[in-house]
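If you want the building blocks of each chain, they are given just below.
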Amino acid sequence: MGGVGPPDYDRCVLRRLRIENLVLIREAELELAPGLNAITGETGAGKTILAQAFGLLLGAKGDDSYVGAAGEEAYVEAELDLAEELEELAELRPEDEDALVVSRRVFADGRTRAYAWGRAAAREDVAAAVERVVAMSGQFEQRRLAKPSYQLEVLDRFCGEEQLARRAAARTAWRELRAARRRLDELTANAAFAEARLAELRALVEDTEGMEPGAEEQLRAVRERHRHVAELAAGAAEAAEALAPDDGEGATGLVALAERSVAPLERLAPELQRAGDELRDVELRLRETTSDLHAFLASLEAEPERLEQLEGELDRIAETKRRFRCATYDELLARRAEAEAELAALEGGSDPAEVAARELAAAEERVHALALELRAERNAAGPAFADAVAAELRGVGMGEGEFVCELRERDEPGSTGADEAVFLVRPNAGLPFAQVAETASGGELSRIALAIAAVAGGDTIVFDEIDAGVGGETAHAVGALLRRLAEHAQVVTITHLPQIAALADRHFRVEKTPGDPTHTRIEQLGDDERKAELERMLGGQEFLAAVRG
């Protein structure tokens with residue numbers, strides 16, 4: 001029983017899943033582990049509700065039947081690792097946020113709302129962001145496997161880290177190519193635009209005159225000092241008074257008194273010399289601190305004019321950033337440097353349109369070169385990838401497991417090169433090859449998705465129908481394949497097979513609790529509870545005793 005040691009894969013992509021008032025689940029929070037997570041329970045206990053929760057996060061519509069009896073709405077929330085690219089939700093992302101927090105609400109009238117970091121978002125945008133890191137079997141896997149872009153990504157993942165680095169470089173090169181095209185189009189569209197651009201460059205240089213690196217941060221710090229002159233003066237004066245008041249003994253005087261009391265005794269008791277030395281040192285440092293505080297107080301002056309000047313300089317920076325569409329001060333300075341370089345080129349007789357044309361040609365050459373590199377690696381890896389998937393399919397009872405990865409050239413390159421990958425499968429002899437998403441359904445599709453993921457890896461993969469029609473030796477094979485997949489991906493499987501549950505790194509049980517109304521609980525199992533659950537899944541103690549007998 002139990003997973004075979006900690007998995008090599010230590011990323012917990014789907015960190016947490018929270019459910020409130022979804023059908024029979026009043027409240028549940030699952031802290032998922034890296035590796036293999038198993039969710040089990042009696043038939044009818046509510047395991048399918050978990051699949052519904054994942055479905056909502058992946059864009060399922062939902063209706064009033066999702067809302068349980070404990071409230072006016074159902075709520076599902078997940079915390080995930082951030083995907084590399086998050087275009088759809090980028091504007092909603094809080095500063096310094098290292099996780100993606102998405103949620104869906106289903107109201108009693110059937111309406112739904114989607115959120116990212118607690119802010120309203122389009123359902124499609126939330127689903128697209130989640131789908132980048134979470135794959136789910138069933139209709140969602142069918143939709144995912146039908147996308148040529150996903151099939152190409154899977155093949156590239158199989159190729160290895162160098163290929164993924166090429167993909168990232170290709171994305172950057174494609175963005176630069178599009179920007180170069182836009183710029184050339186704008187420059188050649190009409191002379192009026194060229195003149196307007198020239199005026200904007202000059203205005204940018206003029207409006208940022210005198211702005212130096214780090215100036216905005218320094219201005220903010222000085223402004224805060226001037227805003228809080230009264231508080232600074234009060235605090236420093238109070239500290240100086242405590243150390244050396246005009247009347248009475250302060251800390252400095254008391255330390256001096258203690259030193260004078262000890263000093264005559266040091267000759268009689270040499271062990272007191274250390275105390276005397278420390279008192280003399282403390283007195284000296286307190287006098288220096290008092291002097292520093294008085295100097296600080298003398299430097300403080302309420303200067304309303306200076307504060308107004310600082311506010312004006314910061315307003316100028318903010319207005320300049322807004323005018324030239326810069327998110328940060330550093331970006332504004334970078335834009336100024338580019339403008340100065342372009343103006344210098346113009347003064348040297350360079351034609352902006354010619355420069356833009358050369359930049360476009362260089363960008364096109366870069367995109368083309370990366371596309372050829374990507375294609376060469378894909379052609380080299382395609383047959384090995386197909387053979388590996390076919391072997392996994394045979395192991396999980398998918399007939400002869402015939403699988404082909406076709407690479408087709410596109411007419412125009414894009415952000416992933418100039419190829420399309422198409423996965424074809426023939427689960428039974430005598431049938432023609434057909435695209436994966438059109439050939440299989442239900443448990444078959446889940447097993448095909450499992451075989452592909454086991455070969456190519458992934459982030460988080462949720463299986464709901466993996467054990468449909470599976471038993472005996474095939475169940476052991478599916479469990480072993482899930483275990484191997486969990487070494488380099490996070491896996492969540494909703495299962496009724498003890499052969500799979502026994503291999504999990506973390507085990508959750510779904511249990512229906514009678515009451516008014518009946519509700520479902522989900523809990524993580526400890527070792528003893530897990531042993532009892534596996535015994536139940538195997539048929540109970542009486543059945544096991546009969547088998548052993």
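Each remark here, short or long, concerns the structure printed above.
All of the points below concern the structure found in this document. Nothing here was measured: the structure is a model prediction, and the numbers come from that model.

1. A word on the overall build of the protein
Each helix and strand counted, the protein has 19 helices and 15 strands in total. Burial status across the protein gives 44% buried among its 549 residues. In the protein, the proportion of contacts linking residues at least 24 apart, taken out of those at least 6 apart, comes to 69%.

2. Regarding the pattern of salt bridges
On inspection of all chains with the given rule, the structure shows 41 salt bridges. In this structure, D156 and R167 form a salt bridge, with 2.8 Å as the shortest nitrogen-oxygen distance. Of this pair, D156 sits in helix 4 (residues 148–159) while R167 is found in helix 5 (residues 161–189), placing the two residues 11 residues apart along the sequence. For R167, a relative accessible area of 10% puts it in the buried group. A salt bridge links E278 to R274, with the nearest nitrogen and oxygen atoms 3.4 Å apart. A residue pair is termed a helical-turn pair when its members lie 3 or 4 positions apart in one helix, as E278 and R274 do in helix 10 (residues 273–299) at four residues. On the accessibility criterion, E278 (43% relative accessible area) is partly exposed. Judged by its relative accessible area of 63%, R274 falls in the exposed class.

3. A word on the environment of G110
Turning to its location among the elements, G110 is positioned in the loop between strand 5 (99–107) and strand 6 (112–116). Sequence spacing of G110 and G62 is 48 residues, and the spatial spacing of their C-alpha atoms is 7.0 Å. Apart from the residues lying within four places of it in its own chain, the contact partners of G110 are G62, D63 and D64.

4. Overview of the side chain of E216
Along the chain, E216 turns up in helix 7 (residues 215–227). Excluding anything up to four places from it in sequence, E216 contacts L314, I317, K321 and Y329.

5. Considering the pairing of strand 6
Counting buried residues in strand 6 gives four out of five residues, a clear majority hidden from the surface. Pairing of strand 5 with strand 6 involves five bridges; the strand directions are antiparallel. Along strand 6, the bridge assignment pairs R105 with R113. Taken together, strand 5 and the strand that follows it, strand 6, pair antiparallel across an intervening segment of four residues, in which G110 is found at a positive phi of about 95°. In the sheet, strand 6 pairs with strand 7 (residues 119–121) via three bridges, with the strands oriented antiparallel.

6. Here's the deal with the packing of helix 4 against helix 13 (residues 352–395)
The N-to-C vectors of helix 4 and helix 13 enclose an angle of 90°; their axes lie 9 Å apart at closest approach. Between helix 4 and helix 13, the angle is such that the two are roughly perpendicular. Contact residues: L152, V154, L155, D156, F158 and C159 in helix 4; E377, R378, A381, G382, A384 and F385 in helix 13.

7. Concerning the packing of helix 9 (residues 251–262) against helix 10
Between helix 9 and helix 10, the least distance of the axes is 9 Å, while the angle of their chain directions is 160°. Comparing the axis directions of helix 9 and helix 10 gives the class roughly antiparallel. The handedness of the crossing between helix 9 and helix 10 is left-handed. Here A251, T252, V255, A256, A258, E259 and V262 of helix 9 lie close against helix 10, whose contacting residues are G276, L279, R280, V282, E283, L286, R287 and T290.

8. Quick word on the side chain of T40
Mapped onto the fold, T40 is located in strand 3 (residues 36–41). The class for T40 is buried, based on a relative accessible area of 0%. Excluding residues within four positions of it along the chain, T40 makes contact with K47, T495, A501, H507, F508, R509, V510, E533 and M537.

9. Some details on the packing of aromatic side chains
This structure, assessed with the given rule, holds four aromatic pairs. Judged by centre distance (5.5 Å) and plane angle (55°), the rings of F403 and F423 are tilted. On the criterion of sequence distance, the pair formed by F403 in strand 9 (residues 402–414) and F423 in strand 10 (residues 417–426) is long-range, its members being 20 residues apart. An identical accessibility class is assigned to F403 and F423; each is buried. Of the aromatic side chains, those joined through ring pairs into one cluster are F158, F385, F403 and F423. A cation over a ring is seen here: R111 above F107, with NZ or CZ 4.8 Å from the ring centre.

Parameters at a glance
- Residues numbered from 1 in each chain as written.
- Predicted model: local features only at pLDDT ≥ 70, side-chain atom pairs only at ≥ 80, totals over all residues.
- Heavy atoms only, no water.
- Helix = DSSP H or I, 4+ residues; strand = E, 2+ residues; numbered from the N terminus.
- Buried < 20%, exposed > 50% of the residue type's maximum accessible area, 1.4 Å probe, protein only.
- Contact = heavy atoms within 4.5 Å.
- Salt bridge = Lys/Arg side-chain N within 4 Å of Asp/Glu carboxyl O.
- Pairing = 2+ DSSP bridges.
- Axes fitted to C-alpha atoms, helices over the stretch in contact; angles between N-to-C directions.
- Parallel < 35°, antiparallel > 145°, perpendicular 65-115°, else oblique.
- Left-handed = near helix turned anticlockwise from the far one by under 90°.
- Phe/Tyr/Trp six-rings, centres within 6.5 Å; stacked < 30°, edge-to-face > 60°.
- Lys NZ or Arg CZ within 6 Å of the ring centre and 35° of its normal.

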